[in-house]
Amino acid sequence: MTISTEHNTDKQLTEVENILAFLTDIDINHRYETLNEKTFLPGLKIEQGTLLLDLEKLLYPGDILHEAGHIAVTSETTRTCLTGDMKNHDHQAAEEMTAIAWSWAAACYLNIAPNILFHEQGYKGASDNLIEAFTNSTGFGYPLLYSWFMCEQPDHPNGYPNMLRWLRNDAYTQTQLSKLQ
């Protein structure tokens, strides 16, 4: 499948390629598929823990990271159950904020401009506020990443947005917690 240039510039196409290579490297399953139904984010859908991408319909490369964030922060025991709207999988405010924090960390790691991740057409008009908050290290969502041993606290020399691991692993978290007791 080719990436549509109808909605995307060459720079955005390069961003998509970089993001998909990253997802492959960290073991987030994804595949190209024609999506005929309307999806929450154009050209993207999560089905059984796999990110489906219709690159003819994708409008914003940063949305890939957001959806991948939902997969990444879901327990590995239920990750393959993710399908459709994340609210149906108990992804409420905390999980949504954590997926956003994860996507910020991934964008930083990939050197993706903040306005690619937090584009003007998304986040209910709060894109500029999100860019400012995360750029100034006053963002949100990292406490759950920290509690799952996915990152250190932001004030740590190698803390958030640097990640220790990209996928939530509850067995690892339990092992780490038992070491603290």
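This brings us to the overall build of the protein chain. Helix and strand counts for the protein chain stand at seven helices and three strands. The helix and strand sequence of the protein chain, counted from the amino end, reads α-β-β-β-α-α-α-α-α-α. In the protein chain, which comprises 181 residues, the proportion classed as buried is 46%. In the protein chain, the proportion of contacts linking residues at least 24 apart, taken out of those at least 6 apart, comes to 54%.

Glancing now at the nonpolar core. Counting residues in hydrophobic clusters, the biggest one holds 45 residues, and the most contacted among them are Leu23, Ile64, Trp102 and Tyr160. Put simply, the parts of the chain that give this core at least two residues each are helix H1 (10-25), strand S2 (44-47), strand S3 (50-53), helix H2 (62-72), helix H3 (93-109), helix H4 (114-117), helix H5 (127-135) and helix H6 (142-147). Among the elements that make up this core, the one with the highest residue count is H3 (seven residues). With near-sequence residues (within four places) excluded, Ile64 lies in contact with Val16, Ile19, Leu20, Leu23, Leu44, Leu51, Leu53 and Leu58.

What follows is about the environment of Thr34. Position of Thr34 among the secondary structure elements: in the loop between strand S1 (30-32) and S2. Judged by relative accessible area, which is 47%, Thr34 ranks as partly exposed. Sequence-wise, Thr34 and Leu52 are 18 residues apart; in three dimensions their C-alpha atoms are separated by 8.5 Å.

This part is about the pairing of S3. On S3, burial covers both faces: Thr50 and Leu52 on one face and Leu51 and Leu53 on the other are all buried. Bridging between S1 and S3 involves three bridges; their strand directions are parallel. What sits directly across from Tyr32, in S3, is Leu53. Direction of pairing for S2 relative to S3: antiparallel, over a ladder of four bridges. Residue Leu44 lies in a different strand from S3, and its bridge partner there is Leu53. Between the end of S2 and the start of S3, which pair antiparallel, lie two residues, with Gln48 showing a positive phi angle near 50 degrees.

Here is what the cut-offs are and how they apply
- Residues numbered from 1 in each chain as written.
- Predicted model: local features only at pLDDT ≥ 70, side-chain atom pairs only at ≥ 80, totals over all residues.
- Heavy atoms only, no water.
- Helix = DSSP H or I, 4+ residues; strand = E, 2+ residues; numbered from the N terminus.
- Buried < 20%, exposed > 50% of the residue type's maximum accessible area, 1.4 Å probe, protein only.
- Contact = heavy atoms within 4.5 Å.
- Core = buried A, V, L, I, M, F, W, Y, C linked by side-chain atoms within 4.5 Å.
- Pairing = 2+ DSSP bridges.

The analysis is restricted to geometry; functional conclusions fall outside its scope.
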